[in-house]
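Working through the structure, step by step
For reference, the chains in residue letters:
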Amino acid sequence: MSTTPALEIQDLRKTYDNGVEALKGVSLTVKPGDFFALLGPNGAGKSTLIGAVSSLVNPSAGRIDVFGVDLQARRSEAMRLVGLVPQEINFNMFEQPFDICVNYAGFYGIERAEAEQRAERELKAAQLWDKARVMSRTLSGGMKRRLMIARAMMTQPKLLILDEPTAGVDIEIRRSMWRTLKEVNAAGTTVILTTHYLEEAESLCRNLAIIDKGRIIEQGPMKSLLAKLDVEAFVLDVDGQLPSTLPQIDGLKLEASDDHTLVLEMPRSRDMNGVFAALDGAGIRVRSLRNQTNRLEELFVRLTGQAQEQQA
Ligand code: ADP
């Protein structure tokens, strides 16, 4: 298998005309076949970065290579390798999915007979074949978003980029998109998506980069980033009222968040037995227990906190 990165970005900078420095020297490598998340809060620079890779934004400095093709020097060649799913649904609601796909291929000079074959394949892959001939307006929200993916796949991109594909959509729609995206990736297309849904990155992506204020503050495999989290926080629901003083448990932080709820922070290496013994000794009966936050969310909060300290 080729080792040329699907995407290599070196020291990319973008200053908008109004003086906003949206990217302050971003370097990033995405392996071929990867499912990669670009994660960051609003205003971090995600759309600017995606825009630069899909030639919608002119970078101020830096270099982008798509499968080894320099985007600046060989722009149209590089762009043929990239498919983009924008954030907003932007097809004609009065056209049928089949025609939307075929016409899109037409813009890229793909012959009609070939385009029709591809449309069938992509609409089937997106579970939309039975809707190929309905008016798009009548599709459900999830179907409309899957149609956006099917349309982008018409040019057979080697790299599919999605800008916040599931922003503001409910969990059912997100899950149906995730399934389609997993299949697209399993069939060999490298997928990059931007998201601020941490759960999305965690359930889909093998590798990720975290961007904050125009800088990459962390990148690597999802698993090793999660392993950096050595402290876990739990919420404990207790029976009855809590006593006015809580037991002290060595090395752990235990706080009441209300009359019958405790928040416990403990290192991953510790076991729970001592905690329960101490709570039992204090007459506290735990009814149920759950993780306080999504682990990735915790990680993100910590990393961005660290980055702020370093910049200060
Ligand atoms: P994200 O996608 O992570 O929310 P963006 O890339 O959209 O972040 O924005 C990064 C920064 O650049 C923000 O401060 C935003 O206000 C600014 N910005 C984005 N687009 C433009 C533009 N066209 N002109 C001026 N500033 C912009």
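Residues numbered from 1 in each chain as written. Predicted model: local features only at pLDDT ≥ 70, side-chain atom pairs only at ≥ 80, totals over all residues. Heavy atoms only, no water.

This part covers the overall build of the chain. On a plain count of helices and strands, the chain comes out with ten helices and 14 strands. Counting only C-alpha atoms, the chain reaches 75 × 45 × 40 Å along its principal axes. Evaluated residue by residue, the chain yields a buried proportion of 47% over its 312 residues. Across the chain, contacts joining residues at least 24 apart in sequence account for 69% of those joining residues at least 6 apart. Accessible surface, the chain: about 15600 Å² in total, of which carbon and sulfur atoms supply 47%. (Helix = DSSP H or I, 4+ residues; strand = E, 2+ residues; numbered from the N terminus. Buried < 20%, exposed > 50% of the residue type's maximum accessible area, 1.4 Å probe, protein only. Contact = heavy atoms within 4.5 Å. Areas by Shrake-Rupley, 256 points an atom, 1.4 Å probe, with all protein chains shown as cover.)

Near the ligand the following residues occur: Tyr 16, Asn 18, Val 20, Ala 22, Pro 41, Asn 42, Gly 43, Ala 44, Gly 45, Lys 46, Ser 47 and Thr 48. Backbone polar atom of Ala 44 to an oxygen atom of the ligand: 3.1 Å apart, as the coordinates give it. Note that an oxygen atom of the ligand is positioned 2.8 Å from one of the backbone N or O atoms of Ser 47. Out of a free accessible area of 560 Å², the ligand has 62% covered by protein chains. Sorting elements by how many residues they give to the shell around the ligand places helix 1 (residues 46–53) first, with three residues. (Near = heavy atom within 4 Å. Polar contact = N/O pair within 3.5 Å; in protein donor to acceptor, adjacent residues only side chain to side chain.)

Attention shifts here to the domain arrangement of the chain. How big an interface is tends to be stated in terms of the accessible area lost upon association of its parts. Domain parsing of the chain yields domain 1 (7–226) and domain 2 (231–296). Placing the centre of domain 1 and that of domain 2 at their C-alpha centroids yields a distance of 42 Å. (Domains from an automatic or database assignment.)

All right, on to the pattern of salt bridges then. Taken as a whole and assessed by the stated rule, the structure comprises 15 salt bridges. Notably, a salt bridge pairs Asp 65 with Arg 63, separated by 2.6 Å at the nearest N-O pair. Arg 63 gets classed as partly exposed once you look at its relative accessible area, which sits at 37%. Between Arg 112 and Glu 116 there is a salt bridge whose closest N-O contact spans 2.9 Å. (Salt bridge = Lys/Arg side-chain N within 4 Å of Asp/Glu carboxyl O.)

Within the secondary structure, Arg 206 sits in the loop between helix 7 (198–204) and strand 9 (207–212). When near neighbours in sequence (up to four residues on either side) are disregarded, Arg 206 contacts Gly 33, Asp 34, Phe 35, Asn 185, Pro 221 and Met 222.

Turning next to the sheet that holds strand 14 (residues 286–291). On the basis of which strands lie adjacent, the open sheet formed by four strands has the order 12-13-11-14 and antiparallel pairing. Each edge of the open sheet carries a strand with a single partner, namely strand 12 (253–258) and strand 14. Across the sheet, the mean angle from the axis of one strand to that of its neighbour is 25°, orientation sign disregarded. Inspection of the sheet shows strand 12 paired to strand 13 (residues 261–267) by five bridges, in the antiparallel sense. By the bridge assignment for strand 13, Glu 255 is matched with Val 263. (Pairing = 2+ DSSP bridges. Axes fitted to C-alpha atoms, helices over the stretch in contact; angles between N-to-C directions.)

It is worth spelling out unusual backbone geometry at this point. The phi torsion at Asp 11 lies on the positive side, around 45°, for a residue other than glycine. Turning to its location among the elements, Asp 11 is positioned in strand 1 (residues 7–15). By relative accessible area, which is 37% here, Asp 11 ends up partly exposed. In this structure, Lys 213 takes a positive phi of about 50° despite not being glycine.

It is the contact of helix 3 (residues 97–107) with helix 5 (residues 141–153), at a shortest axis distance of 8 Å, that shows an interaxial angle of 30°. As the angle between them shows, helix 3 and helix 5 are arranged roughly parallel. At the point where helix 3 passes helix 5, the crossing takes the right-handed sense. Facing Pro 97, Ile 100, Cys 101 and Tyr 104 of helix 3, the residues of helix 5 in contact are Leu 147, Ala 150, Arg 151 and Ala 152. Looking at the contact of helix 3 with helix 5 residue by residue, the class counts come to seven nonpolar, no polar and one charged. (Parallel < 35°, antiparallel > 145°, perpendicular 65-115°, else oblique. Left-handed = near helix turned anticlockwise from the far one by under 90°. Nonpolar A, V, L, I, M, F, W, Y, C, P; charged D, E, K, R; others polar.)

So, about the pairing of strand 10 (residues 215–221). Sheet topology note: the strand 9/strand 10 ladder contains six bridges and is antiparallel. If you follow Ile 210 over to strand 10, its bridge partner there is Glu 218. The antiparallel pairing of strand 9 with strand 10 creates a hairpin that spans two residues between the two strands, and Lys 213 there sits at a positive phi of about 50°.

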